[in-house]
Structure formats: C-alpha cells, structure tokens
Amino acid sequence: FIVGIFLFFTGFVQLRKKRLIESTPTSKIRSLAMGFVEIYGAVIPAKKKILKSPFSQTDCVYYRYTIEEYRKGKRSRYWVTVRSGEDKNHFFVRDATGTVLVDPSGAQVEIPIDHEFGSSFGKDPPTEILNFLKDQKISFEGLFGGNKTMRYREYLITSGDKLFVMGAAGDNPFIEEGRAVLGTEDVMIQKGAHSPYFISNSDEKDILSRLKILSRGGIFGGGGLIVISLTVIFKYLGFIS
C-alpha cells in the first residue's frame, strides 16, 4: 500500500515535469529573457583549471561517483552504496546564436554512467581507484584479506557534451553592471527560488518520452497496487467477503 502511494505520487511529479517542459519553449541563447527558461547546446568549460574525475581521471566540468558493495542476505543479494559524491564547476552552454554561463549548483542532473569499474576476489581495483579508496579510508577487503565484490561508477559532463538545461535565467554575479558587451554576458542559468532546475544530456524529445513512461507507470502501477492492497486489507478485516 505504501509503495503504491509512493509510485502514484511520483507518477504525478513526473507528469507535472513533463507538462512544464512541454509548455516552455526552448529559447535561443541570444534572445534569452530573465526568468524561467530552457536551452539546449554544447558545453564549454568556464575555467582553465577544470575538474578531474576521481576514477578515470577524465577532464570534466561536473562529476558524480558512487561506490557500491555487493552483499548477500538470507534471501536476497543486493548492491549497497557505501559512498557517493560530486563536484562541479560553472560552465558555458553554446548554441548557434550565443553563449551563456550555467551554475549547476542545486540542479537535478540526469546523465548516464560514463565509466564503471569493478573489484572482487582476486581482482584489485585500478590504481587511481585504489588510491582514492585509501585516501577516503574506504575498505575494499573482507575479513580474511580477500577483496569484496564492489563496483565504482562515474557520471560526467565534459567539454562538447550536448545538454538540455531548464532553470532560472538570472544575474551573472561575475560581470559588473554595465560592463557586459553582449546581452547574455550578464546572464547566468541557475536554481530559482521556486522553479525546478534540471540538467540532462538527452534532448527534449527523449526526455518527454521517458517522462511519459515514468508518469503513466507511476500513476497506473501505483494506483493498481493501492486498489489491490486495500482489497486485501478489507478482506482481512472482514469488510468484504
């Protein structure tokens, strides 16, 4: 019953996001107006010193990582996240008309796995990951010195990646008032006070297709679980035969 309620309301959240994206036209960067916008373009690093991802040492403007351990229960086997983290820099997004600065802080970032590594009994993690684990004091060995079964995943935004960004176009704090040569120099895409902030490497068509599946699956799947659960509960209580 609780799972059904969760899925049902999650479906409506996805439906609301879908309708919001559908009702918001994708703006050309050159003609951006202040307020809620969505743009699509290629990533350009905003700083000469860009980030290095912790596992693959890839140059990037954003990374997220997870470290998971494979565990065995009495009746099931499952992966448990033992550590996760992220780091980010500001970056520019460029389309055919211009360039605008993006601050990814506070955004819901939906990007696929770029790299995945593993370690297990008789198989050590790569050197970069081994050094990271030691630095973070994360154990990858079991009780008798054998390696645990673990996986290490990286999610990256790199130079040249195409991104869909939906957020608030506001003031660029790095440009003094009146010093902007181009209109968009004094604009930065950022998290608004009351508007959603969403970054994805999929285009709008793929995002809407995925949200359609998620919203219908949540609403109808969750609704079905709720009805089934209530039927079982009422039968157990004797309200229905």
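Residues numbered from 1 in each chain as written. Predicted model: local features only at pLDDT ≥ 70, side-chain atom pairs only at ≥ 80, totals over all residues. Heavy atoms only, no water.

(A) Layout of the sheet that holds strand β5 (residues 77-88). As summarised here, the arrangement of the 4 strands in space is β5-β4-β10-β9, forming an open sheet in which the pairing is antiparallel. Whereas interior strands pair on both sides, the edge strands pair on one side only; in this sheet they are β5 and β9 (115-119). If you compare each strand with its neighbour and ignore which way they point, the axes differ by 15° on average. Relative to strand β10 (residues 150-157), strand β4 (residues 62-72) is paired through 8 bridges, and the arrangement is antiparallel. Its bridge partner being in β10, Ile 67 is matched across the sheet by Tyr 152. (Pairing = 2+ DSSP bridges. Helix = DSSP H or I, 4+ residues; strand = E, 2+ residues; numbered from the N terminus. Axes fitted to C-alpha atoms, helices over the stretch in contact; angles between N-to-C directions.)

(B) How the structure looks around unusual backbone geometry. Of note in the backbone geometry, Gln 57 takes a positive phi value of approximately 60° without being a glycine. As for its placement among the helices and strands, Gln 57 is situated in the loop between β2 (51-52) and β3 (59-60). For Lys 137, which is not glycine, the phi dihedral falls at a positive 60°. Assignment of secondary structure puts Lys 137 in the loop between α2 (127-135) and β10.

Function cannot be read off these values alone, since they describe shape.
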